[in-house]
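Descriptive analysis of the structure
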Amino acid sequence: MSMPFGYASPEQIMRDKADYARKGIARGRSVVVLQYVDGILFVAPNPSRALHKISEIYDRIGFAAVGRYNEFEELRLGGIRYADINGYTYDRSDVTGRGLANLYASNLGRIFTESIKSLEVEVVVAEVGESRDGDAIYRLTFDGSVFDEHGFAAMGGQAEAVSGRLKERYRESMSLADALEVALTALTEPGGERPPVGQLEVAVLDRNREHRKFLRLTGARLERLLGQTSSPPPAATPPSEASSSADDAPTGPPPPTGPAGDGDVDDGTSPPL
């Protein structure tokens, strides 16, 4: 019995969709997420002032993504709706990074399986705890796979090379300035030139802040932070595994979620971020 014209096996279709997604993600600039002594740091080269790759989701939860902006922005907004509804209906402590990662995994997996085109995105959901052991970093790929990262995570264009440089230099309980230096060293090709301050997107989940832990670092504040170290910390052995459990978040009426300017959208034709 001959196969109908244009037939492709399910395995071939899945491979083609995976290759398509990987190529789209690889065109985006890498993002680094790593722990420091007071929380979790997000760093991404980003020349756009309107389209954010790093955002707040809820009190203790941050979001970072690479790939097609209009696709990961839709995921971000869906995560905010999920967090707001669950925090208001039940309790703010019921909104966790793990729950949000599971939601994204389900949606990404369903789209990859059922849709003709898979999403060209890779996502990190990070949650800061009351102590380092309560921090959690979840990396999600276009097909819904979830990776519980320990210490740091990298995604985007040169993720493998960036991860290798992070592994060489990362150490536990770094100061914020040292963590930023490690992140920028990892994101920069050997001998390459670092992006200027105006083309960097930097944010933290600071466990010492009240209620909402997310804070963007921009302008003079970021310049001062960059000036605090002149050379990267020495290489260290990989960190020990940290628990992914989350501590209770404060209760009370939900504050507005999502920093100003995060709701901008594009037409879907711009290059991956």
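This structure is a prediction, so every number in the text was calculated from the model and none was measured.

Structural notes on the pairing of strand S5 (residues 121-127)
Regular strands show a simple pattern: their side chains alternate between the two faces of the sheet. Within S5, seven of the seven residues are buried, leaving the element largely enclosed by the surrounding structure. Every second residue of S5 is oriented toward a common face, with Val121, Val123, Val125 and Glu127 on one face and Glu122, Val124 and Ala126 on the other, all of them buried. Summarising the sheet, strand S4 (residues 61-67) and S5 pair through seven bridges and their orientation is antiparallel. Bridging across to S5, Ile61 finds its partner in Glu127. Pairing of S5 with strand S6 (residues 136-140) involves five bridges; the strand directions are antiparallel. Opposite Val125, over in S6, you have Tyr138 as the bridge partner.

Examining the sheet that holds strand S3 (residues 54-58)
Taken in spatial order, the five strands line up as S3-S4-S5-S6-S7 in an open sheet, and their pairing is antiparallel. Each of the sheet's edge strands pairs with one partner strand only, and the pair in question is S3 and strand S7 (146-149). When strand polarity is set aside, the average angle formed by the axes of neighbouring strands in this sheet is 25°. Direction of pairing for S3 relative to S4: antiparallel, over a ladder of four bridges. Directly across from Tyr58, in S4, lies its bridge partner Ile61.

Section: the environment of Arg209
Among the structural elements, Arg209 can be located in the loop between strand S9 (200-206) and strand S10 (214-217). Assessed through its relative accessible area of 30%, Arg209 is described here as partly exposed. Ignoring sequence-local partners within four residues, the contact set of Arg209 consists of Phe214 and Leu215. In this structure the side chain of Arg209 is engaged in a polar contact, spanning 3.3 Å, whose partner is the backbone oxygen of Arg212.

Digging into the environment of Arg98
Residue placement: Arg98 occurs in helix H3 (residues 97-114). C-alpha of Arg98 to C-alpha of Ile137: the two residues are 39 residues apart in sequence and 8.9 Å apart in space. Within the local environment of Arg98, its side chain forms a polar contact with the side chain of Tyr138, the two groups lying 3.4 Å apart.

Here we look at the nonpolar core
Generally speaking, soluble globular proteins have nonpolar side chains that are buried together. Counting 26 residues, the largest nonpolar core has Ile57, Tyr104, Val123 and Leu140 as the members making the most contacts within it. Of all elements in the fold, only S3, S4, helix H2 (69-89), H3, S5 and S6 reach the threshold of two or more residues within this core. Aside from chain neighbours lying at most four places away, what touches Val123 is Phe63, Ala64, Ala65, Leu75, Tyr104, Tyr138, Arg139, Leu140 and Met155. Core analysis: the second largest hydrophobic core is formed by 25 residues, Tyr36, Val43, Leu180 and Val204 among them.

Considerations on the pattern of salt bridges
Between side chains of opposite charge, pairing is possible as soon as their charged atoms come close. One pass over the structure, following the stated rule, counts 17 salt bridges. Measuring nitrogen to oxygen at the nearest pair gives 4.0 Å for the salt bridge that ties Arg68 to Glu120. Within this pair, whereas Arg68 is found in the loop between S4 and H2, its partner Glu120 is found in the loop between H3 and S5, the two being separated by 52 residues in sequence. The pair formed by Arg68 and Glu120 is uniform in burial state, with each residue classed as buried.

Thoughts on the packing of helix H5 (residues 176-187) against helix H6 (residues 219-226)
Remark: H5 packs on H6, axes separated minimally by 9 Å, with the N-to-C direction vectors making an angle of 85°. By the angle between their directions, the pair H5 and H6 is classed as roughly perpendicular. Of the residues in H6, those touching H5 at Leu176, Ala177, Leu180 and Leu184 are Leu222, Leu225 and Leu226. Broken down by class, the residue content of the contact of H5 with H6 amounts to seven nonpolar, no polar and no charged.

Some points on the side chain of Gln35
Looking at the secondary structure, you find Gln35 in strand S1 (residues 31-36). Engagement of the side chain of Gln35 in a polar contact is seen with the side chain of Arg132, the distance being 3.4 Å. Each residue touching Gln35, except ones within four places of it in the same chain, is listed here: Ile40, Arg132, Asp135, Ile137, His150, Gly151, Tyr170 and Met174.

A closer look at the packing of aromatic side chains
Here the structure, examined in full by the defined rule, presents four aromatic pairs. Just above the ring of Phe112 sits the side chain of Lys17; from NZ or CZ to the centre is 5.3 Å. The ring of Phe147 carries the charged tip of Arg139 above its face, separated from the ring centre by 4.5 Å.

The rules behind the values
- Residues numbered from 1 in each chain as written.
- Predicted model: local features only at pLDDT ≥ 70, side-chain atom pairs only at ≥ 80, totals over all residues.
- Heavy atoms only, no water.
- Buried < 20%, exposed > 50% of the residue type's maximum accessible area, 1.4 Å probe, protein only.
- Helix = DSSP H or I, 4+ residues; strand = E, 2+ residues; numbered from the N terminus.
- Pairing = 2+ DSSP bridges.
- Axes fitted to C-alpha atoms, helices over the stretch in contact; angles between N-to-C directions.
- Contact = heavy atoms within 4.5 Å.
- Polar contact = N/O pair within 3.5 Å; in protein donor to acceptor, adjacent residues only side chain to side chain.
- Core = buried A, V, L, I, M, F, W, Y, C linked by side-chain atoms within 4.5 Å.
- Salt bridge = Lys/Arg side-chain N within 4 Å of Asp/Glu carboxyl O.
- Parallel < 35°, antiparallel > 145°, perpendicular 65-115°, else oblique.
- Nonpolar A, V, L, I, M, F, W, Y, C, P; charged D, E, K, R; others polar.
- Phe/Tyr/Trp six-rings, centres within 6.5 Å; stacked < 30°, edge-to-face > 60°.
- Lys NZ or Arg CZ within 6 Å of the ring centre and 35° of its normal.

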